[in-house]
Amino acid sequence: ITADYSAPPAAPTVTITNNLDALTATIAVTFGASGSGIAATDSVTVERDGKGLGTLYADGTVTDPLPPLGVEYAYTVTALSPAGGANISTVSNTIVTTQWALGASPSIPLRFNPQATYALDHGGELYHFAGGGLPTFYGTTEYDESGTLQFDTVGKDKADAIAALLRSQPVQFLRDPFGHRWKAHVRPSVRHGVGSRWNVSLD
């Protein structure tokens, strides 16, 4: 009798559901069946961009709180047998949206009229020397990134709630609908817009 403990388990069935209200993705996994030459499944891991999102020891779901928006990306789903045999598969997903998003768990979609500016400054000092020559800039290797994101909310309560969140947790994730993501220290300001709209500015 020969036992092959390195035999891989069956590939699991994977389905993805996008939540456009929270701009998240939920990955549902159903374990494959064992059989002749197919090991039983001990666990399944789900990763995106090399970051583990969760491990399942039975059929279940894993939620991705910060998937990219507006671009195709992939999850790596790995089924493992008790002896370490692996069955690796990838599943593609795209969250089609025109919204920006702030924060994670839960994410706050920024729905109304988002406008963004971005600047990259090279650090250094500008010196003026006697004798009428041109000023000289001595640069460093530092780069300062900054930007402003403005958007509207309906009602002052919503704007105040976002500002209160950012004052208590100023370091937040930002995502745009083109697949870019940042982690930044954010300072909010709120002013009245048109009618019931309130404008929130994030520096």
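Scroll up a little and you will see the structure.
Before going into details, it helps to say that this report is about the structure given with it. Everything numeric here is computed off the predicted structure, so don't read it as measured data.

## Considering helix α1 (residues 156-168)
Part 1 of the reasoning: Between its first and last C-alpha, α1 extends 18 Å over 13 residues, near the 18 Å set by a 1.5 Å rise per residue.
Part 2 of the reasoning: All of the buried residues along α1 are Ala159, Ile162, Ala163 and Leu166. When α1 is viewed along its axis, its buried side chains cluster within an angular range of 95° and face the same direction. When the buried face of α1 is taken as reference, the exposed residues oriented beyond 90 degrees from it are Asp157 and Ser168.
Part 3 of the reasoning: On the buried face of α1, the contacting elements are β8 (100-102), β9 (108-110), β11 (136-154), β12 (171-175), β14 (188-192) and β15 (197-202).

## Some thoughts on the side chain of Thr24
Part 1 of the reasoning: Within the secondary structure, Thr24 sits in strand β2 (residues 24-30).
Part 2 of the reasoning: Here Thr24 falls in the buried class, since its relative accessible area comes to 12%.
Part 3 of the reasoning: Ignoring any residue separated from it by four or fewer positions in sequence, one finds Thr24 in contact with Thr17, Asn18, Asn19, Thr63, Asp64, Pro65, Pro67 and Ile95.

## Here we look at the nonpolar core
Part 1 of the reasoning: Counting residues in each nonpolar core, the largest one holds 19 residues, and the members touching the most others are Ile27, Val29, Val44, Val46, Tyr75 and Ile95.
Part 2 of the reasoning: In terms of residue count, the dominant contributor to this core is strand β6 (residues 72-80) (four residues).
Part 3 of the reasoning: Sequence-distant contacts of Ile27, that is, excluding residues within four places in its chain, are made with Val14, Thr15, Ile16, Val46, Gly60, Thr61, Val62, Asp64 and Tyr75.
Part 4 of the reasoning: Counting 14 residues, the second-largest nonpolar core is a separate cluster that includes Ile108, Ala159, Leu174 and Val200.

## Some remarks on the sheet that holds β15
Part 1 of the reasoning: Across the sheet, which stays open at both edges, the four strands sit in the order β10-β11-β15-β14 with antiparallel pairing between neighbours. Edge positions in the open sheet fall to β10 (112-127) and β14, since each of these has one partner strand only. Strand-to-strand twist across the sheet, computed as the mean angle between neighbouring axes with direction ignored, equals 20°.
Part 2 of the reasoning: Across the face of the sheet, α1 comes into contact with β11, β14 and β15 while running at roughly 165° to β14.

## Section: a nonpolar patch on the surface
Part 1 of the reasoning: Together, Tyr118, Leu120, Tyr143 and Trp182 line one region of the surface with nonpolar side chains, adding up to about 460 Å² of accessible area.
Part 2 of the reasoning: Topologically, Trp182 is positioned in strand β13 (residues 181-185).

## Topic: a negative patch on the surface
Part 1 of the reasoning: Residues Asp121, Glu142, Asp144 and Glu145 make up a contiguous surface patch of negative charge.
Part 2 of the reasoning: Looking at which element gives the most residues to the negative patch, the answer is β11, with three residues.
Part 3 of the reasoning: Mapped onto the fold, Glu145 is located in strand β11.
Part 4 of the reasoning: According to the relative accessible area criterion, Glu145 is exposed, its value standing at 56%.

## Digging into the environment of Arg48
Part 1 of the reasoning: Relative to the assigned elements, Arg48 resides in strand β3 (residues 43-48).
Part 2 of the reasoning: Accessibility expressed as a relative area gives 5% for Arg48, which makes it buried.
Part 3 of the reasoning: In the structure, Arg48 is positioned 26 residues away from Ala74 in sequence and 6.5 Å away in space, judged by C-alpha atoms.
Part 4 of the reasoning: Once you skip the residues sitting within four places of it in the chain, Arg48 turns out to touch Leu53, Asp64, Leu66, Pro67, Pro68, Tyr73, Ala74, Tyr75 and Arg181.
Part 5 of the reasoning: For Arg48, the side chain forms a polar contact with the main-chain oxygen of Leu66, separated by 3.1 Å.

## Some remarks on the pairing of β3
Part 1 of the reasoning: In terms of burial, β3 is largely enclosed, as five of its six residues are buried.
Part 2 of the reasoning: Note: β3 against β6, five bridges, orientation antiparallel. Counted as the bridge partner of Thr45 is Thr78 from β6.
Part 3 of the reasoning: As paired elements, β3 and strand β4 (residues 51-56) share five bridges and run antiparallel to each other. Following the sheet pairing, Arg48 is matched in β4 by Lys51.

## Topic: the pairing of β6
Regular strands have side chains that alternate between both faces of the sheet.
Part 1 of the reasoning: Pairing of β6 with strand β7 (residues 86-94) involves nine bridges; the strand directions are antiparallel. Paired with Val77 across the strands is Ser89, a residue of β7.

About the criteria used
Residues numbered from 1 in each chain as written. Predicted model: local features only at pLDDT ≥ 70, side-chain atom pairs only at ≥ 80, totals over all residues. Heavy atoms only, no water. Helix = DSSP H or I, 4+ residues; strand = E, 2+ residues; numbered from the N terminus. Expected span 1.5 Å × (residues − 1). Buried < 20%, exposed > 50% of the residue type's maximum accessible area, 1.4 Å probe, protein only. Arc of directions from axis to C-beta. Contact = heavy atoms within 4.5 Å. Core = buried A, V, L, I, M, F, W, Y, C linked by side-chain atoms within 4.5 Å. Pairing = 2+ DSSP bridges. Axes fitted to C-alpha atoms, helices over the stretch in contact; angles between N-to-C directions. Patch = residues over 30% accessible without salt bridge, like charges linked within 9 Å, V, L, I, M, F, W, Y side chains within 5 Å. Areas by Shrake-Rupley, 256 points an atom, 1.4 Å probe, with all protein chains shown as cover. Salt bridge = Lys/Arg side-chain N within 4 Å of Asp/Glu carboxyl O. Lys, Arg positive; Asp, Glu negative; His and termini not counted. Charge placed at Lys NZ, Arg CZ, Asp CG, Glu CD. Polar contact = N/O pair within 3.5 Å; in protein donor to acceptor, adjacent residues only side chain to side chain.

Honestly, that's just the spatial picture; any functional story needs more than this.
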